[in-house]
Amino acid sequence: MTNIILFLAIILFIVYAIYDQVLMNKLKGKTLLSIRLQHQSKIDAIILVGLIVLTITQSLQSHIEPITIYLLAICIILAIYSTFIRYPRLLLKEKGFFFANIYIDYKKIKQLNLAEKQILIVDLTNGRRLLVKIEHKDDIEKIVNFFGGYKS
């Protein structure tokens, strides 16, 4: 049963990775601007990898099935990929944008503001506020130009 759950989790992650890296670029029209965002906290992934390694070492003493060890090793690789190799992106399209893998139509934007430390604040009409942490300072100018420049 454990192997089935691990296998399904790996398959679901691979489907998510394909959606994140390939399909989002093609959905909802042409991507006009792709902005690299800051990574979130990496400590969670390090703890997860540590727990999986601990599970593997404990399980080796109790003669765990080799397939379970391989599946756990794949989970470690996927955790490293999702935290250290893959980076979050803001994809600006013709009629909306993708942020945190969710599409938001431009019509739902109430207000855009720039904050310190390269943060774009997006207030939506439903009362939600998105904090978009831009990785490179030069990308802020690209976003401002995309949305029509500064208005006074």
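Our subject in this report is the structure included herewith. All residue numbers refer to position in the chain's written sequence, counted from 1. pLDDT decides what is reported in this predicted model: residues at 70 or higher carry local features, side-chain atom pairs at 80 or more are listed and counted, and totals for whole chains, interfaces and linings draw on all residues regardless. Only hydrogens and water are set aside when side-chain values are computed; all heavy atoms of the structure are taken into account.

Notes on the packing of helix α2 (residues 43–61) against helix α3 (residues 66–85)
Any two packed helices are characterised by the angle at which their axes cross and by the distance between the axes. Fitting a line to C-alpha atoms yields each axis, with helices limited to the stretch in contact; the angle taken between N-to-C directions then spans 0 to 180 degrees. Runs of E in the DSSP output that reach at least two residues are strands. Runs of H or I that reach at least four are helices, and both are numbered from the N terminus. Packing of α2 against α3 brings their axes to within 10 Å, and their N-to-C directions diverge by 170°. Considering their axes alone, α2 and α3 lie roughly antiparallel with respect to each other. Here Ala45, Ile46, Leu48, Val49, Ile52, Val53, Thr55, Ile56 and Leu60 of α2 come into contact with α3, specifically with Ile69, Leu72, Ala73, Cys75, Ile76, Ala79, Ile80, Thr83 and Phe84. Note that Gly is not counted as nonpolar here; it falls among the polar residues with everything else outside the nonpolar set of Ala, Val, Leu, Ile, Met, Phe, Trp, Tyr, Cys and Pro and the charged set of Asp, Glu, Lys and Arg. Grouping the amino acids of the contact of α2 with α3 by side-chain chemistry returns 16 nonpolar, 2 polar and no charged. An angle below 35 degrees is treated as roughly parallel, one above 145 as roughly antiparallel, one from 65 to 115 as roughly perpendicular, and anything else as oblique. Throughout, a residue-residue contact means that at least one pair of heavy atoms, one from each residue, lies within 4.5 Å.

Some words on unusual backbone geometry
The phi angle at Lys28 is positive, at roughly 60°, despite the residue not being glycine. Within the secondary structure, Lys28 is located in the loop between α1 (2–26) and β1 (33–36). The phi angle at Asn101 is positive, at roughly 65°, despite the residue not being glycine.

Structural notes on a nonpolar patch on the surface
Think of a patch as exposed residues, more than 30% relative accessible area, with no salt bridge, where like charges cluster within 9 Å and nonpolar side chains (Val, Leu, Ile, Met, Phe, Trp, Tyr) cluster within 5 Å. What sets the accessible areas is the Shrake-Rupley method with a 1.4 Å probe; for residues, cover comes only from the shown protein chains. The term salt bridge refers to a pairing of a side-chain nitrogen on Lys or Arg with a carboxyl oxygen on Asp or Glu at a separation within 4 Å. Where nonpolar side chains cluster on the molecular surface, the patch consists of Met1, Ile4, Ile5, Phe7, Leu8, Ile11, Ile14, Val15, Ile18, Val22, Leu23 and Leu27 and spans about 1,100 Å² of accessible area. Within the secondary structure layout, Ile5 lies in helix α1.

Concerning the packing of aromatic side chains
Think of it this way: a Phe, Tyr or Trp ring, Trp meaning its six-membered ring, pairs with another when their centres are within 6.5 Å, and the plane angle makes it stacked under 30 degrees, edge-to-face over 60, tilted otherwise. On inspection of all chains with the given rule, the structure shows 5 aromatic pairs. Measuring from centroid to centroid gives 6.3 Å for Phe13 and Tyr81, while their planes differ by 90°, and the two rings are edge-to-face. One end of the pair, Phe13, is in helix α1; the other, Tyr81, is in helix α3, with 68 residues separating them in the sequence. Seen from their ring centres, Tyr106 and Phe146 are 6.3 Å apart, and the 55° between their planes marks the pair as tilted. A residue pair is termed long-range when its members are at least 10 positions apart, and Tyr106 in the loop between β4 (102–105) and β5 (109–115) and Phe146 in helix α4 (residues 137–146) qualify at 40 residues. Ring pairs connect the aromatic residues Phe13, Tyr16 and Tyr81, which therefore count as one cluster. One residue, Lys28, lies across the ring of Tyr103, its end atom 5.0 Å from the ring centre. Charge over a ring is defined by NZ of Lys or CZ of Arg lying within 6 Å of the ring centre and within 35 degrees of the ring normal. Between Arg36 and the ring centre of Tyr87, over which it is positioned, the NZ or CZ distance is 3.9 Å.

Some remarks on the pairing of strand β2 (residues 89–92)
Remember that side chains alternate between the two faces of the sheet whenever the strand is regular. In β2, alternate side chains face the same way, and those of Arg89 and Leu91 on one face and Leu90 and Leu92 on the other are all buried. The pairing of β1 with β2 spans 4 bridges and is classified as antiparallel. Its bridge partner being in β2, Ile35 is matched across the sheet by Leu90. Pairing of β2 with strand β3 (residues 96–99) involves 2 bridges; the strand directions are antiparallel. Its bridge partner being in β3, Leu91 is matched across the sheet by Phe98. Following β2, the chain reverses through 3 residues before pairing antiparallel with β3. Whether a residue is buried, partly exposed or exposed follows from its accessible area with a 1.4 Å probe, protein chains only, as a fraction of its type maximum: under 20%, in between, or over 50%, in that order. For two strands to pair, DSSP has to find at least two bridges joining them.

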